[in-house]
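Observations on chain architecture
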Amino acid sequence: MRIAVVGAGPSGLYAADALSSSGADVDVLDRLPVPFGLVRYGVAPDHHSIRSVRDTLQKVLEKPGVRLLAGVEVGRDVSVEELLAAYDAVVLTYGASRDRHLDVPGEDLAGSVAATDLVAWYCGHPDADRETIESALAAARSVVVVGVGNVAVDVTRVLTAPMARLEQTDMPQHVLDALAASHITDVHVLGRRGPAQATWTTKELKELAELDGVDVLIDPTDLELEPVSAALVESDRVVARNVEVIRSWADHVSDTTHRHIHLHFHARPAEMLGTDRVETVVVERTTIDDAGAAHGTGETYEIPADLVVRSVGYRGVALDGVPFDGRRNVIPNVEGRVMDADGVPVPGLYVAGWIKRGPTGIIGTNKKDAAATVAALLEDLEARGATGGPGIEPLLRDRGVDAVAFDGWTAIDAAERALGASRGRDRTTIHDRDALVTAARAGA
Ligand code: NAP
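Being a predicted model, the structure only gives us computed values, none of them experimental.

**Concerning the overall build of the protein**
- When helices and strands are counted, the protein shows 18 helices and 18 strands.
- Relative to its length of 444 residues, the protein is compact, with a C-alpha radius of gyration of 23 Å against a globular reference of 22 Å.
- Burial status across the protein gives 53% buried among its 444 residues.
- By sequence separation, contacts in the protein at least 24 residues apart represent 74% of the contacts at least 6 residues apart.

Here is the structure:
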């Protein structure tokens, strides 16, 4: 069996692991010259224990029969059709890389950025738009973060955390310099529904109040629960814990020498105002109906904002030649088998991870998800019979595409550790694509 996996993030590597354990040869392709997807470019750099899942994923790349072909973009360097001709099956695990839109006036003003772009920047993603983020950050004193999920918590923490915490991370030096120079005093976090409906997890939430020199403030009237929210607290232990943590902050008082995180609930961004760049967010108060949906009340208030971070979820995008559900932004599938417009499985084509089910769940969720897809794939191949296949290396050679293989990644890894050591840290992420490729070539 010879299988191609598209995407070297957690889903792709969990799929490669399950496939190679079943005796398949697996080529793992990634658009970027490095593996690990959102573990490298999404998990907050100060979350060391979550990031250490890298070590587990690295072991998959070390397995005989698993080959890394990084820096190869499907849709540009090779088509899905060519992959299907070169392998017994193809598993698409390319995730959900774009941001969702708010669809409010002023959203596109300078100084209003997507959390996906801010996160890419502070993780050292080679495609990060440094100028946009760094100029927005340089101007920022009061920040509005829209959304109350774990990405909103990450962004809020990174923007307010003391440098002593951030300096222990692998963030690139220019990111640390920009954060050290920032004049942020206040971060306002907006939840369009109540504290019971927030999607953050308790551990991540609690960390906000543990930051040195940071006060988390909440208006006690936001803590009154309507019947639907009270019922949620009764039935869901995570929700109950979240609400309890937020309640315990109701008596916090502000220390003027500290940075402040203000949690606002029942608060929907209605409009962003500003001349050349964002200056104010108009917030509409909401109520929650019996089904838990938010509705605007028409009552508004304003929050001054030099920087707005829209953290309202990730969005998957279509790939040429592959069916796509543009409403849910996922590839239509049944148990990981990609379905065409007539609801018929596309032979040999499978999907796993966020592009299969949408951007939800923790990293571990992808292990089970990938295993289910691999089980369906193996069942189909058993019925159809596997023939192997030439793979795509001959085709890449003909096209002059020089993929970064595992030895190239090992060289990048060593270069990042050496760069980190020169600054008294474990590692510093190399953010420049050419520098990554040069490091890979030097070692390969
Ligand atoms: P998320 O959990 O889906 O949160 C999105 C937030 O945006 C929700 O509060 C949502 O509110 C809000 N929202 C959506 N549309 C909105 C609109 N039009 N106006 C105002 N608010 C809006 O997504 P995420 O934070 O991007 O995280 C993605 C996944 O990665 C999650 O499963 C998360 O747990 C995971 N993750 C985990 C960690 C960790 O474990 N440490 C870290 C980062 C991410 P509604 O609920 O009202 O729609």
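**Let's talk about the sheet that holds strand β14 (residues 307-310)**
- Ordered in space as β6-β14-β7-β8-β10-β9, the 6 strands form an open sheet in which the pairing is parallel. A single partner strand is all that each edge strand has here, and the edge strands are β6 (112-114) and β9 (214-218). Here the strands of the sheet are splayed against their neighbours by 20° on average, with no regard to which way each runs.
- Note that strand β7 (residues 142-146) and β14 share 4 bridges and pair parallel. Note on β14: the bridge partner recorded for V143 is L307.
- Against the sheet, helix α6 (residues 115-123) touches β6 and β14, its axis set at about 75° to β6.

**Considering the packing of helix α12 (residues 227-235) against helix α13 (residues 237-247)**
- Put simply, α12 and α13 touch, their axes get as near as 5 Å, and they point 115° apart. As the angle between them shows, α12 and α13 are arranged roughly perpendicular. Each of L232, V233 and S235 in α12 lies in contact with α13, whose residues at this interface are R237, V239, A240 and V243.

**Here we look at the domain arrangement of the protein**
- Partitioning the protein into domains gives domain 1 (2-97 + 316-403) and domain 2 (100-310).
- Computed over C-alpha atoms, the centres of domain 1 and domain 2 are 33 Å apart.
- Between domain 1 and domain 2 the total buried area reaches about 1,300 Å² when both faces are included, carbon and sulfur atoms providing 54% of it.
- It is Y41, P45 and D46 in domain 1 that bury the most area against domain 2; as a group they hold 44% of the surface buried on that side.
- Between R31 and D127 there is a salt bridge whose closest N-O contact spans 3.1 Å.
- Viewed at the interface, domain 2 and domain 1 are joined by 6 residue pairs in polar contact (both at pLDDT 80 or more).
- Looking at the side of domain 1 that touches domain 2, the elements with two or more residues in it are α2 (37-41) and α3 (48-51).
- Looking at the side of domain 1 that touches domain 2, the element that brings in the most residues is α3, giving 3 residues.
- Its residues placed into classes, the side of domain 1 that touches domain 2 shows 6 nonpolar, 4 polar and 5 charged.

**A word on the environment of D154**
- As for its position among the elements, D154 is in helix α8 (residues 150-160).
- Counting along the chain gives 107 residues from D154 to H47, while the straight-line C-alpha distance between them is 9.2 Å.
- In contact with D154, other than residues within four places in its own chain, are A44, H47 and Y122.

**Side note on the site of the ligand**
- Near the ligand there are 22 residues, and of these V148, R192, R193, T199 and G361 occur at the shortest range.
- At a separation of 3.1 Å, an oxygen atom of the ligand approaches a polar side-chain atom of N150.
- In this structure, an oxygen atom belonging to the ligand sits 3.5 Å away from a main-chain N or O atom of S311.
- Here the ligand loses 82% of its free accessible area of 920 Å² to cover by the protein chains.

**Remarks on the nonpolar core**
- W121, Y122, L159, L179, W200, L263 and V309 are the most contacted members of the largest nonpolar core, which has 93 residues in total.
- Looking at which domains feed residues into this core, each of domain 1 (2-97 + 316-403) and domain 2 (100-310) supplies at least three.
- Residues within four places of V309 in sequence aside, it is in contact with V113, A114, A115, L118, V143, V144, V145, V146, V155 and L159.

**What about the pairing of strand β4 (residues 89-92)?**
- Of the two faces of β4, the one holding A89 and V91 and the one holding V90 and L92 are both buried throughout.
- Where strand β1 (residues 2-6) meets β4, 4 bridges bridge the pair, whose relative direction is parallel. Considered in β4, the bridge of I3 is made with A89.
- Where β4 and strand β18 (residues 345-351) come together, 3 bridges link them in parallel fashion. Opposite L92, over in β18, you have V351 as the bridge partner.

**Brief notes about the pairing of strand β3 (residues 66-70)**
- Where burial is concerned, most of β3 is hidden: 4 out of the 5 residues are buried.
- Sheet topology places strand β2 (residues 25-30) next to β3; 5 bridges connect them, and they run parallel. Looking at β3, one finds that L29 is bridged to L69.

Conventions adopted
- Residues numbered from 1 in each chain as written.
- Predicted model: local features only at pLDDT ≥ 70, side-chain atom pairs only at ≥ 80, totals over all residues.
- Heavy atoms only, no water.
- Helix = DSSP H or I, 4+ residues; strand = E, 2+ residues; numbered from the N terminus.
- Rg over C-alpha atoms; globule rule 2.2 N^0.38 Å.
- Buried < 20%, exposed > 50% of the residue type's maximum accessible area, 1.4 Å probe, protein only.
- Contact = heavy atoms within 4.5 Å.
- Pairing = 2+ DSSP bridges.
- Axes fitted to C-alpha atoms, helices over the stretch in contact; angles between N-to-C directions.
- Parallel < 35°, antiparallel > 145°, perpendicular 65-115°, else oblique.
- Domains from an automatic or database assignment.
- Buried area = accessible area lost by both parts, 1.4 Å probe.
- Salt bridge = Lys/Arg side-chain N within 4 Å of Asp/Glu carboxyl O.
- Polar contact = N/O pair within 3.5 Å; in protein donor to acceptor, adjacent residues only side chain to side chain.
- Nonpolar A, V, L, I, M, F, W, Y, C, P; charged D, E, K, R; others polar.
- Near = heavy atom within 4 Å.
- Areas by Shrake-Rupley, 256 points an atom, 1.4 Å probe, with all protein chains shown as cover.
- Core = buried A, V, L, I, M, F, W, Y, C linked by side-chain atoms within 4.5 Å.

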